[in-house]
Amino acid sequence: MFFISYQKTVQLNANLIFFQGALGDIWLDQGQPEKAIACYQQVLQKSPELWEVHHKLGDALWQQGEVEAAVEAYQQAAELSRIS
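Okay, so let's go over this structure. Each chain has its residues counted from 1, running along the sequence as written. Under the rules for a predicted model, residues below a pLDDT of 70 receive no local features and side-chain atom pairs below 80 are neither given nor counted, while totals for whole chains, interfaces and linings still include all residues. Here the side-chain values reflect all heavy atoms present in the structure, with hydrogen atoms and water set aside.

Quick word on the pattern of salt bridges
A side chain with one charge can pair with a side chain of the opposite charge if their charged atoms come near.
Part 1 of the argument: The salt bridge criterion pairs a side-chain nitrogen of Lys or Arg with a carboxyl oxygen of Asp or Glu, the two atoms within 4 Å. Counted according to the given criterion, the structure contains one salt bridge.
Part 2 of the argument: Taking the shortest distance from any N to any O, the salt bridge between aspartate 25 and lysine 56 comes out at 3.0 Å. With aspartate 25 in helix 2 (residues 17-29) and lysine 56 in helix 4 (residues 51-63), this residue pair connects regions lying 31 residues apart in the sequence.
Part 3 of the argument: Relative accessibility thresholds used throughout: buried, under 20% of the residue-type maximum; exposed, over 50%; partly exposed, between the two (1.4 Å probe, protein chains only). When its relative accessible area of 23% is taken as the criterion, aspartate 25 is described as partly exposed. For the purposes of this entry, the term helix denotes a DSSP run of H or I that reaches at least four residues, the term strand denotes a run of E that reaches at least two, and both are numbered from the N terminus.

Spelled out as structure tokens, the structure:
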């Protein structure tokens with residue numbers, strides 16, 4: 001039920017990046033990294049400064065076996081975390 005509410009919230013207003021990120025977390029926890037990646041990428045389009053989301057994107061990419069892309073996401077997260 002809670003998961004469905006997150007999905008509907010994101011569908012109604014894709015600009016709510018908090019919910020989009022939380023939906024990505026849920027997808028990742030459920031073993032669906034491809035859906036998590038899409039959520040995290042949408043968040044980063046609107047707020048590229050969020051190092052935590054870059055890190056989560058790295059986790060999802062790693063689970064997908066996209067090692068090089070995951071390393072890039074982790075590097076971006078590390079760089080941004082030093083700035084903030």
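Next comes the rest of the account.
Some points on a nonpolar patch on the surface
Part 1 of the argument: A cluster of nonpolar side chains, Trp62, Val67 and Val71, forms an exposed patch at the surface whose accessible area comes to about 270 Å².
Part 2 of the argument: Summarising the element assignment, tryptophan 62 is placed in helix 4.
Part 3 of the argument: On the basis of relative accessible area, tryptophan 62 is assigned to the partly exposed category, the value being 48%. Without a salt bridge and with relative accessible area above 30%, a residue can belong to a patch; like charges are then joined within 9 Å and nonpolar side chains (Val, Leu, Ile, Met, Phe, Trp, Tyr) within 5 Å. Each accessible area value is a Shrake-Rupley result obtained with a 1.4 Å probe; residue values ignore everything except the protein chains displayed when judging cover.

Re the packing of aromatic side chains
Aromatic ring pairs are reported here in terms of the distance separating the ring centres and the angle at which the planes meet.
Part 1 of the argument: The criterion for an aromatic pair is that two Phe, Tyr or Trp rings (for Trp, the six-membered ring) have centres within 6.5 Å, with stacked assigned to planes under 30 degrees apart, edge-to-face to planes over 60 apart and tilted to the rest. In total, this model carries one aromatic pair according to the counting rule given.
Part 2 of the argument: Plain terms: the ring middles of phenylalanine 18 and phenylalanine 19 are 5.3 Å apart, the flat faces sit at 80° to each other, and that makes the pair edge-to-face.
Part 3 of the argument: Judged by relative accessible area, phenylalanine 18 falls into the exposed class, the value being 58%.

Here we look at the environment of glutamine 41
Part 1 of the argument: Summarising the element assignment, glutamine 41 is placed in helix 3 (residues 33-46).
Part 2 of the argument: Given the relative accessible area of 41%, glutamine 41 is considered partly exposed.
Part 3 of the argument: C-alpha separation for the pair glutamine 41 and glycine 21, spaced 20 residues apart in sequence, amounts to 9.2 Å.

Considering the nonpolar core
In a soluble, globular protein the nonpolar side chains are often hidden away together inside.
Part 1 of the argument: Throughout, nonpolar core names a set of buried Ala, Val, Leu, Ile, Met, Phe, Trp, Tyr and Cys residues whose side chains join them through atoms within 4.5 Å. Ranked by size, the top nonpolar core spans 15 residues in total, and within it Ala36, Tyr40, Leu57, Ala60 and Leu61 carry the most contacts.
Part 2 of the argument: Of all the elements in the fold, those that place two or more residues in this core are helix 2, helix 3, helix 4 and helix 5 (67-83).
Part 3 of the argument: Considering each element in turn, this core owes the most residues, six residues, to helix 3.

Quick look at helix 2
Part 1 of the argument: The span expected for a helix works out to 1.5 Å for each residue beyond the first. Between its first and last C-alpha atoms helix 2 spans 18 Å; for 13 residues at 1.5 Å apiece the expected length is 18 Å, and the two agree.
Part 2 of the argument: Listed as buried for helix 2 are Gln20, Gly21, Ala22, Leu23, Gly24, Ile26, Trp27 and Leu28.
Part 3 of the argument: At the exit of helix 2 stands glycine 31, carrying a positive phi of roughly 75°.

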